[in-house]
Amino acid sequence: MPLARMIDGRATAERLRRDLADEVARLKSDHGLTPGLAVVLVGDDGASQVYVRSKGEQSKAAGMHSVTHILPADTSQTELLALVRHLNGDPAIHGILVQLPLPKGLDEKAIIQAIDPDKDVDGLHVINAGRLAQGLPCLAPCTPVGCMILLRDTLGQDLSGKRAVVIGRSALVGRPVAQLLVQANCTVTIAHSHTQDLAAVCREADILVAAAGRAQMIKADWLKPGVTVIDVGTNPIPFRDPAKAAEGKTKLVGDVDYKAAREVAYAITPVPGGVGPMTVACLLVNTVTAAKRIAGI
Ligand code: GUN
């Protein structure tokens, strides 16, 4: 069997961003509307700083209005809530994203629920989760939206009747991607840490979405030949090279044993370069969607 096709998330994300820049330009010229995204970062977590910078840069590059609020780690719940409420009322802002995780002491759930659901471009508000569960128009979380775009690019628009297995049941990825797969008429199983004989469950999948957060846990012999694998995992592991490992350097791997899985699958996303780049691109898509809905376009 030939090696699995590598699903190129970088190229797809670039195409999405180009299309989006065209749409933003049209919205400006035809409707005088500039979609605006506000990103809020509390504290100085290194990884979060990188993500937040990239969100700001990419939204500006697409021609959008972009503001980043960086607050100190000792920001109080009241101060953060006040900023969210201010952004809810700001007509230049159509999307609000509070970068997670928040520093200890802040109530993440309460902050997310304070965001206006129409500006909740992360799709984490219970209103959006409820709308998604009922198949109603909503803002869906960015990574799951990115997974579905990659699947349709790979397998075609019609995913009806496919057996999909999602590993992981988080609010950010597992649950919403399962809902989107149900909407696409797939037969969906959500597996998690209590699932018995996970390997047997995985072997039923035509589509496998791995969002367990455990490095290379999914082995090639867990896969049905011809499966399409979307690997959402981003797990840092030490380099094999002892010199690099001694320096404490790490590399990123997915939840799937990529090299071995390529011998069995039809198509698979690499890590990095698969789902990751899609997340920020889909955040921009959600912001444009939110702006158009708010403006009644
Ligand atoms: N931290 C890691 N991923 C995400 C995300 O998709 N949204 C938010 N708000 N924080 C994150």
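Anyway, here's the lowdown on the structure attached to this text.

What counts, and where the lines are drawn
- Residues numbered from 1 in each chain as written.
- Predicted model: local features only at pLDDT ≥ 70, side-chain atom pairs only at ≥ 80, totals over all residues.
- Heavy atoms only, no water.
- Helix = DSSP H or I, 4+ residues; strand = E, 2+ residues; numbered from the N terminus.
- Rg over C-alpha atoms; globule rule 2.2 N^0.38 Å.
- Buried < 20%, exposed > 50% of the residue type's maximum accessible area, 1.4 Å probe, protein only.
- Contact = heavy atoms within 4.5 Å.
- Areas by Shrake-Rupley, 256 points an atom, 1.4 Å probe, with all protein chains shown as cover.
- Lys, Arg positive; Asp, Glu negative; His and termini not counted.
- Charge placed at Lys NZ, Arg CZ, Asp CG, Glu CD.
- Expected span 1.5 Å × (residues − 1).
- Polar contact = N/O pair within 3.5 Å; in protein donor to acceptor, adjacent residues only side chain to side chain.
- Near = heavy atom within 4 Å.
- Salt bridge = Lys/Arg side-chain N within 4 Å of Asp/Glu carboxyl O.
- Axes fitted to C-alpha atoms, helices over the stretch in contact; angles between N-to-C directions.
- Parallel < 35°, antiparallel > 145°, perpendicular 65-115°, else oblique.
- Pairing = 2+ DSSP bridges.

1. Topic: the overall build of the protein
Part 1 of the argument: Counting its regular elements, the protein contains 11 helices and 11 strands.
Part 2 of the argument: Taking 297 residues into account, the globule formula puts the C-alpha radius of gyration at 19 Å, and the protein, at 20 Å, falls close to it.
Part 3 of the argument: Burial statistics for the protein: of 297 residues in total, 47% are counted as buried.
Part 4 of the argument: Taking contacts inside the protein between residues at least 6 apart in sequence as the whole, the part at least 24 apart equals 69%.
Part 5 of the argument: When the accessible surface of the protein is totalled, it reaches about 14100 Å², and 53% of it is carbon and sulfur.
Part 6 of the argument: When the 32 positive and 30 negative side-chain charges of the protein are each reduced to one mean point, those points stand 3 Å apart.

2. Looking at helix α2 (residues 46–61)
Part 1 of the argument: Counted at 1.5 Å a residue, the expected span for α2 with its 16 residues is 22 Å, and the 23 Å between its end C-alpha atoms agrees.
Part 2 of the argument: The complete set of buried residues in α2 reads S48, V52, K55, G56, Q58 and S59.
Part 3 of the argument: Turning to α2, the residues buried within the fold contact α1 (9–31), β2 (36–42), β3 (65–71), β4 (95–98) and α11 (276–295).
Part 4 of the argument: Between the side-chain oxygen of the N-cap and the backbone nitrogen of A47 there are 3.4 Å, and the N-cap of α2 in question is D45.
Part 5 of the argument: Looking at the residues trailing α2, positive phi occurs at G63, about 90 degrees.

3. A look at the site of the ligand
Part 1 of the argument: What surrounds the ligand is the set L97, V98, Q99, L100, D122 and L172.
Part 2 of the argument: One nitrogen or oxygen atom from the main chain of V98 is found 2.8 Å from a nitrogen atom belonging to the ligand.
Part 3 of the argument: Separating a nitrogen atom of the ligand from a backbone N or O atom of L100 is a distance of 2.9 Å.

4. Observations concerning the environment of T189
Part 1 of the argument: Checked against the element boundaries, T189 lands in strand β6 (residues 187–191).
Part 2 of the argument: Residues T189 and W222, 33 residues apart in the sequence, show an inter-C-alpha distance of 15 Å.
Part 3 of the argument: In this structure T189 touches A164, V165, V166 and V201, once residues within four positions along its chain are discounted.

5. Some thoughts on the pattern of salt bridges
Side chains that differ in sign of charge can pair as their charged atoms come close.
Part 1 of the argument: Taken as a whole and assessed by the stated rule, the structure comprises 7 salt bridges.
Part 2 of the argument: Ionic pairing is found between R15 and D153, a salt bridge with its closest N-O pair at 3.2 Å. Residue R15 is located in helix α1, and its partner D153 is located in helix α6 (residues 142–155); the two are separated by 138 residues in the primary sequence.
Part 3 of the argument: Judged by its relative accessible area of 36%, R15 is partly exposed.
Part 4 of the argument: Two residues, E247 and K249, come together in a salt bridge whose shortest N-O distance is 3.1 Å.
Part 5 of the argument: Judged by its relative accessible area of 53%, E247 is exposed.

6. A word on the packing of α6 against α11
Part 1 of the argument: Orientation of α6 relative to α11, taken along the N-to-C sense of each, is 105 degrees, at an axis distance of 8 Å. Viewed along their axes, α6 and α11 adopt a mutual orientation that is roughly perpendicular. On α11, the residues touching C142, T143, V145, G146, I149 and L150 of α6 are M278, T279, C282, L283 and N286.

7. What to know about the sheet that holds strand β5 (residues 163–167)
Part 1 of the argument: Spatially, β1-β11-β8-β7-β5-β6 is the arrangement adopted by the 6 strands of the open sheet, whose pairing is parallel. Among the strands making up the open sheet, the edge pair consists of β1 (5–6) and β6.
Part 2 of the argument: Examined bridge by bridge, strand β8 (residues 228–231) and strand β11 (residues 267–268) share 2 bridges and lie parallel to one another. Residue pairing across strands places T228 opposite A267, the latter belonging to β11.
Part 3 of the argument: Running at roughly 155 degrees to β8, α6 makes contact with β1, β7 (207–210), β8 and β11 of the sheet.
Part 4 of the argument: Lying on the sheet, helix α7 (residues 174–183) is in contact with β5, β6 and β7; it crosses β5 at an angle near 170 degrees.

It is worth stressing that arrangement in space is one thing and function is another; only the former is reported here.
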